[in-house]
Amino acid sequence: MAKPLFSTQGLRKSFPGLLATDNVSIDVHPGQVHALIGPNGAGKSTLVNLISGLLPADEGRITLDGRELQGLSAHARVRAGLSRCFQVTSIFPGASVLDNLRLAAQSHLPGYWHPWGRRDRHAEINEHALDLAQMVGLEGRLTHTAGALPHGAQRQLDVALALAARPRLLLLDEPMAGMGQDESERVAQLIEKLRQSMAILLIEHDMHAVFRLADRISVLVYGRVMASGTPDEIRNNEQVRDVYLGSEVNA
Ligand SMILES: Nc1ncnc2c1ncn2[C@@H]1O[C@H](COP(=O)(O)OP(=O)(O)OP(=O)(O)O)[C@@H](O)[C@H]1O
Ligand SMILES: [Mg+2]
């Protein structure tokens, strides 16, 4: 197989009295949706925090397109092409959808913070903000106050904020959490669209969505990768069925 776009090698992270990430090595290939599943407390969000630089790893390597990210700040990782959404949304609730998007578009504009960089760039910022709204399906809600949007639309906005950095790898931590069927379907369609231009590491408890969207699945249990493979391999893995999937294997 071609070289992975992204990999972690031997990642390890301890909290007092708990090994939360235990020697985790995963690969994500260009254009792939790689799903990370596992029981509550298995260490999925911790792994995303290590990858995005929110938490320092104790050991291990993280590479994106051959570039070592370990030791870089969270911001530098975003600039290197790695963006994330949070399990809890990160929008500015009092601002409009458009202002949230403008702010994100502006903060990722190369050279914007340079004193001579910001002249004549309002049009560029607006255009990028509108592109982002269109990408996630919020173009009809630009003037709405972000905090007053329904839950599903807030998550769409959260994805748009992560997309502002034009990532090569997008990390999504439970993008469908707390959603009804219609909203989940909209997010699934969005992921189908995004995968055409970026790789995605998807954490999700909705097994129906995971088996529909993922090219590869890794199963995390007690901080360790118990199994990694195609959806069919994971569906037919007895250990995974015993520990996690249970009756959901028909998803
Ligand atoms: N900052 C922290 N300090 C101490 N312990 C932590 C910290 N963050 C997470 N943990 C612990 O690490 C373990 C893994 O938590 P994590 O949030 O990564 O699990 P998860 O797989 O994302 O679970 P969920 O499916 O519920 O979101 C849990 O036992 C959790 O209590
Ligand atoms: Mg989590």
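Sequence positions are assigned chain by chain, starting from 1 and proceeding in written order. Naming scheme: in the order in which they are written, chains are lettered from A and ligands are numbered from 1. Owing to the predicted nature of the model, reporting of local features is limited to residues with pLDDT of at least 70; listing and counting of side-chain atom pairs is limited to 80 or more, with chain, interface and lining totals taken over all residues. The basis for every side-chain value is the complete set of non-hydrogen atoms in the structure, without hydrogens or water.

**Q** I'd like to hear about the site of ligand 1, residue by residue, with values.
**A** We call a residue near a molecule or strand as soon as one heavy atom of that residue lies within 4 Å of the molecule or strand. Around ligand 1 there are 14 residues in total, and Asn 40, Gly 41, Lys 44, Ser 45 and Thr 46 lie nearest to it. Lys 44 has a polar side-chain atom sitting 2.7 Å from an oxygen atom of ligand 1. The definition of a polar contact used here is a pair of N or O atoms within 3.5 Å, where within protein one atom must be able to donate a hydrogen and the other to accept one, and adjacent residues in sequence count solely through side-chain atom pairs. Within the side chain of Thr 46, a nitrogen or oxygen atom sits 2.6 Å from an oxygen atom of ligand 1. For the accessible areas, the method is Shrake-Rupley and the probe is 1.4 Å, while residue cover comes only from the protein chains on display. Coverage of ligand 1 by the protein amounts to 60% of the 640 Å² it exposes when considered alone. Think of a 1 Å grid over just the protein atoms. A cavity is a set of points where a 1.4 Å probe fits yet cannot get out, a pocket is an open set with protein on both sides within 12 Å along at least five of seven lines, and lining residues have an atom within 4 Å of a point. Assignment to a cavity or pocket requires that more than half of a molecule's atoms be within 2 Å of the site's grid points. Cavity membership is defined here by more than half of the atoms lying within 2 Å of grid points; on that basis ligand 1 lies in the second largest pocket. Of all the secondary structure elements, the ones that give two or more residues to the shell around ligand 1 are β2 (18-28) and α1 (44-52). A run of DSSP states H or I qualifies as a helix once it reaches four residues; a run of E qualifies as a strand once it reaches two. Both are numbered from the N-terminal end. Examining the composition of the shell around ligand 1, we find that three residues originate from one element, α1, more than from any other.

**Q** Please set out the packing of helix α4 (residues 122-136) against helix α5 (residues 151-163) residue by residue, giving values where relevant.
**A** For any two helices packed against each other, the geometry is given by the interaxial angle and the distance between the axes. Running from amino to carboxyl end, α4 crosses α5 at an angle of 135°, the nearest separation of the two axes being 9 Å. By the angle between their axes, α4 is oblique relative to α5. Between α4 and α5 lies a crossing of right-handed hand. Contacts between α4 and α5 involve Leu 132, Met 135 and Val 136 on the former and, on the latter, Gln 156, Val 159, Ala 160 and Leu 163. Partitioning the contact of α4 with α5 into residue classes produces six nonpolar, one polar and no charged. To obtain an axis, a line is fitted to C-alpha atoms, over the contacting stretch when the element is a helix, and the angle between two such axes runs from 0 to 180 degrees between their N-to-C directions. Note that the term roughly parallel is reserved for angles under 35 degrees, roughly antiparallel for angles over 145, roughly perpendicular for angles of 65 to 115, and oblique for everything else. By definition, any crossing whose near helix is turned counterclockwise from its far helix by less than a right angle is left-handed, and any crossing with a clockwise turn is right-handed. We call two residues in contact whenever any of their non-hydrogen atoms come within 4.5 Å of each other. Polar here means any residue outside two lists: the nonpolar Ala, Val, Leu, Ile, Met, Phe, Trp, Tyr, Cys and Pro, and the charged Asp, Glu, Lys and Arg; Gly therefore counts as polar.

**Q** Give me the lowdown on the pairing of β2, citing residues and values where you can.
**A** Sheet topology note: the strand β1 (residues 6-15)/β2 ladder contains eight bridges and is antiparallel. Within the sheet, the bridge partner assigned to Ser 14 lies in β2 and is Leu 19. Pairing between strands is defined by DSSP: at least two bridges between them are needed. Following β1, the chain reverses through two residues before pairing antiparallel with β2; Gly 17 in that reversal takes a positive phi of roughly 75°.

**Q** Please provide a residue-by-residue account of the domain arrangement of the chain, values included.
**A** Here the domain parsing of the chain yields domain 1 (1-81 + 167-251) and domain 2 (90-166). A straight line from the C-alpha centre of domain 1 to that of domain 2 covers 26 Å. The interface of domain 1 with domain 2 comprises 17 residues on the first partner and 15 residues on the second. By definition, the buried area sums, over both parts, the 1.4 Å-probe accessible area that each loses when the two are put together. The largest per-residue losses of area from domain 1 upon contact with domain 2 belong to Val 78, Pro 167 and Leu 190, which jointly make up 34% of the total buried on that side. Taken together, domain 1 and domain 2 are joined by four residue pairs in polar contact (both at pLDDT 80 or more). Among the elements of the structure, β7 (169-173) and α6 (181-194) are those that each provide at least two residues to the side of domain 1 that touches domain 2. Broken down by element, the side of domain 1 that touches domain 2 gets its largest block of residues, five residues, from α6. Residues belonging to the side of domain 1 that touches domain 2 are distributed by class as follows: ten nonpolar, one polar and six charged. In this document the domain limits rely on a domain assignment from an automatic tool or a database.

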